[in-house]
Amino acid sequence: DVKVTQSSRYLVKRTGEKVFLECVQDMDHENMFWYRQDPGLGLRLIYFSYDVKMKEKGDIPEGYSVSREKKERFSLILESASTNQTSMYLCASRGLGSQETQYFGPGTRLLVL
Amino acid sequence: KQEVTQIPAALSVPEGENLVLNCSFTDSAIYNLQWFRQDPGKGLTSLLLIQSSQREQTSGRLNASLDKSSGRSTLYIAASQPGDSATYLCAVPDSNDYKLSFGAGTTVTVRA
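Predicted model, so just to flag it, every value in this text is computed and none were measured.

1. What to know about the interface of chain B and chain A
Contacts between the two partners involve 19 residues from chain B, matched on the other side by 23 residues from chain A. Between chain B and chain A, the buried area comes to about 1700 Å², and carbon and sulfur atoms account for 54% of it. Joining chain B to chain A, the criterion identifies zero salt bridges. Counting every contact that joins chain B to chain A gives four residue pairs in polar contact (both at pLDDT 80 or more).

Given below as structure tokens:
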């Protein structure tokens with residue numbers, strides 16, 4: 001079974017803190033993604049990576065950065081957390097090819113006070 | 001930019017009734033279409049992936065159809081059960097096949 005794990009289920013941080021969200025997949029997938037999900041706005045792509053050290057901006061990259069030093073690990077970084085970054089963060093991974101399914105982690109619910 | 005719409009936004013049915021969930025997309029040049037399930041506060045679980053060359057895909061009580069030319073997909077869930085209560089989302093990849101565009105989802109409640 002494909003497994004995508006996220007480092008925390010719940011996080012509470014203060015405004016201005018630097019926040020790291022970690023995601024690990026065990027299926028040797030090339031592609032990894034970070035989304036945020038908010039009521040009424042649905043799922044929005046923040047960043048994705050199609051290979052180690054490669055990244056591309058998604059639809060809402062402002063205030064975020066990412067790191068992919070190893071194939072199995074994709075980190076999302078909030079450089080200076082703000083209250084409008086309170087959200088559910090979902091990581092996903094996918095192999096190459098149009099027949100491949102995208103697999104999601106359990107999510108991290110982040111509250112920024 | 002691909003726009004994905006799901007109607008209805010919410011649905012409540014008695015147990016045993018068949019469910020019909022609709023998904024429409026604006027750009028018919030898609031590689032595939034995926035249906036996901038999301039339970040409250042959880043991540044997404046992939047249910048079915050239909051390739052662009054297929055017209056339907058089945059898994060147990062679930063059947064998904066795809067009509068690329070009209071930009072529509074339908075997810076059928078037969079003989080619904082309370083455990084089917086969840087939000088169902090459809091998603092299509094963009095032209096470079098990396099990014100998924102998601103619909104807003106249909107929230108289903110199956111009453112016992």
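2. A word on the side chain of Gln2 of chain B
Residues and elements named next belong to chain B. In this structure, Gln2 sits in the segment before strand 1 (4–7). At 2.9 Å, the side chain of Gln2 forms a polar contact with the backbone nitrogen of Thr26. In terms of polar contacts, Gln2 uses its side chain to reach the backbone amide nitrogen of Asp27, at 2.8 Å.

3. Remarks on unusual backbone geometry
Note that the residue after Ile7 of chain B, namely Pro8 of chain B, is joined by a cis bond; omega there is 0°. The topology assignment puts Pro8 of chain B in the loop between strand 1 and strand 2 (10–14). Unusually for a residue other than glycine, Lys53 of chain A sits at a positive phi of about 65°. Its place among the elements puts Lys53 of chain A in the loop between strand 5 (42–51) and strand 6 (54–57). Residue Lys53 of chain A is classed as exposed on the basis of its relative accessible area of 57%. Of note, Ala79 of chain B is a non-glycine position whose phi angle comes to about 45°, a positive value. Topologically, Ala79 of chain B is positioned in the loop between strand 8 (72–77) and strand 9 (86–93).

Cut-offs used in this document
- Residues numbered from 1 in each chain as written.
- Chains lettered and ligands numbered in written order.
- Predicted model: local features only at pLDDT ≥ 70, side-chain atom pairs only at ≥ 80, totals over all residues.
- Heavy atoms only, no water.
- Contact = heavy atoms within 4.5 Å.
- Buried area = accessible area lost by both parts, 1.4 Å probe.
- Salt bridge = Lys/Arg side-chain N within 4 Å of Asp/Glu carboxyl O.
- Polar contact = N/O pair within 3.5 Å; in protein donor to acceptor, adjacent residues only side chain to side chain.
- Helix = DSSP H or I, 4+ residues; strand = E, 2+ residues; numbered from the N terminus.
- Buried < 20%, exposed > 50% of the residue type's maximum accessible area, 1.4 Å probe, protein only.

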